[in-house]
Every structure is written in C-alpha cells, then in structure tokens.
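Architecture at a glance
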Amino acid sequence: MSLVRVHNFSVSLDGFGTGDGQTLEEPFGHAGTRLHEWFFRTRAFRAMTGQEGGPFSVDGALADTWDGGIGAEIMGRNKFSPHRGPWEDEAWQGWWGENPPFHTPVFVLTHHPRPTLEMEGGTTFHFIDATPEEALKQAREAAGGKDVRIGGGVTVVRDFLAADLVDFMHIAVVPIFLGRGERLWDGLEGLDERFAIESTTTPSGVTHLMFNKR
C-alpha cells in the first residue's frame with residue numbers, strides 16, 4: 001500500500017499553520033511569508049520555482065524529500081484559491097502559474113466542484129466534494145502505486161490526522177508567534193501514541209519534527 005505523506009508543513013511556536021485573513025495578495029494572511037522564509041532559501045524551493053543553485057543545508061536536505069515517490073496530491077480549496085463559496089470565476093488557475101510544481105494529479109477538496117483543470121507539466125487539478133477516506137481512494141488510484149502527499153492547508157492536514165490516514169509527517173516549527181490564524185494541533189491529543197517522533201533544530205532556528213506512524 002502506498003504511503004500518505006505530509007512534507008515541509010510550517011507552523012509557528014504557538015501552533016498556527018497560517019495566519020488570519022487570507023487574501024489574493026496575502027495567501028497566508030497576516031503571517032505573510034514568515035512561516036516559509038526557511039523554505040524559500042532552499043535548493044528545493046528554487047528548483048520548484050524554476051531557479052538554479054542555492055545553498056546546501058540541513059533545512060534544504062529535509063525540504064528536498066517532498067517530491068520523491070509522490071504520485072498524487074490532496075489539498076484544500078484555500079491552498080488552491082483565496083475565494084470562498086460558489087466559483088464566480090473559473091478562470092482562476094491557482095497561485096502557481098501555467099506550470100505548477102506538482103506534476104501529478106492534484107485533488108482539491110471543495111464543497112463546490114468545478115471541471116477538471118489540466119495544466120502544463122503534468123499537473124491536473126480535480127475538484128471533488130469528498131471525505132478524507134473518499135479523496136484518498138481516488139488519489140491512490142491516480143497515483144499508480146506511488147505515495148500520496150497531503151499538501152495542506154491546516155484543516156486538510158488536521159482532518160487526515162484525525163482520520164488516522166497519515167503515515168509520515170514533516171513539520172517545520174518556525175520560531176515566531178502568530179497569535180491568531182488556523183492552529184494545526186487542536187483536537188489531536190494522543191498523536192505521540194500513534195507516531196514515533198524525532199526532532200532536529202537547524203542553524204536557521206527551525207525545529208524539524210518527523211512523525212512516523214507506529
């Protein structure tokens with residue numbers, strides 16, 4: 001059976017995985033880019049955005065595992081779009097331009113399905129109204145035996161953890177306080193009983209937590 005993986009998911013010291021008040025200009029609300037500055041400096045991010053080079057680092061080595069062996073991704077609607085409710089403009093194609101970095105089928109969880117969107121580079125967005133179990137079944141079929149990545153946002157990761165569907169999770173704890181937004185850990189007591197957890201802190205100040213299902 002393929003694995004279900006979470007990679008490079010950043011949270012603040014007070015547990016928020018995104019800030020308050022998402023807009024088109026601020027995808028992570030009042031958090032801005034602060035949760036992800038560590039990732040933006042890595043070779044993995046530079047390659048993802050069509051850039052070359054970048055430093056070799058511990059942060060980068062951990063970030064670089066996000067893509068290996070992945071055959072499909074599941075994400076929430078607000079990772080794909082800042083819009084709420086029925087789609088008023090289906091011309092919106094996500095934050096990533098004509099060639100998104102996923103290069104696999106991507107299943108976008110939404111209560112307002114829309115037609116499948118095929119992009120350059122092999123990314124195809126499927127918009128589905130489904131439970132975590134139903135979405136995972138579809139993603140596994142599309143992944144062709146490879147692993148499935150849970151891409152976020154916070155609600156989607158929390159829902160898959162609550163349903164006990166995650167096999168591996170990499171959380172990057174960033175040394176900032178957000179105070180408000182969406183918290184990852186709410187309602188998830190007992191994770192330490194379900195996962196073996198390792199941690200390492202890098203020179204950037206980020207603490208990387210690795211959760212492997214027992």
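So, a few notes on the structure that sits alongside this text.

A closer look at the nonpolar core
Formed by 32 residues in total, the largest nonpolar core has its most connected members in Ile 74, Phe 160 and Ile 171. Among the secondary structure elements, those contributing two or more residues to this core are β1 (4–12), β3 (70–76), β4 (105–109), α5 (132–143), β7 (147–152), α6 (154–162), β8 (168–174) and β11 (207–213). Here this core gets five residues from one element, more than from any other, and that element is α6. In contact with Ile 74, other than residues within four places in its own chain, are Phe 107, Leu 109, Ala 135, Leu 136, Ala 139, Val 148, Arg 149, Ile 150, Gly 151, Gly 152 and Phe 160. With 13 residues, the next largest nonpolar core counts Trp 38, Ala 44, Phe 45 and Leu 178 among its residues.

Some words on α6
Taken as a whole, α6 has its buried residues at Val 154, Val 156, Val 157, Arg 158, Phe 160 and Leu 161. Downstream of α6 by a residue or two, Asp 164 has a phi angle that is positive, lying close to 60 degrees.

Observations regarding the sheet that holds β11
A sheet is described by the order of its strands in space; here nine strands give the open sequence β5-β6-β4-β3-β7-β1-β8-β11-β10, paired in mixed fashion. Single-partner strands in this sheet number two, and they are β5 (117–118) and β10 (195–201). One ladder, built from two bridges, connects β1 with β7; its direction is parallel. For Arg 5, the partnering residue across the bridge sits in β7 and is Arg 149. Contacting β1, β3, β4, β6 (124–128) and β7, α5 crosses the sheet at an angle of about 150 degrees to β3. Against the sheet, α6 engages β1, β3, β4, β7, β8 and β10, with an angle of about 130 degrees to β7.

Calculation criteria
Residues numbered from 1 in each chain as written. Predicted model: local features only at pLDDT ≥ 70, side-chain atom pairs only at ≥ 80, totals over all residues. Heavy atoms only, no water. Core = buried A, V, L, I, M, F, W, Y, C linked by side-chain atoms within 4.5 Å. Buried < 20%, exposed > 50% of the residue type's maximum accessible area, 1.4 Å probe, protein only. Helix = DSSP H or I, 4+ residues; strand = E, 2+ residues; numbered from the N terminus. Contact = heavy atoms within 4.5 Å. Pairing = 2+ DSSP bridges. Axes fitted to C-alpha atoms, helices over the stretch in contact; angles between N-to-C directions.

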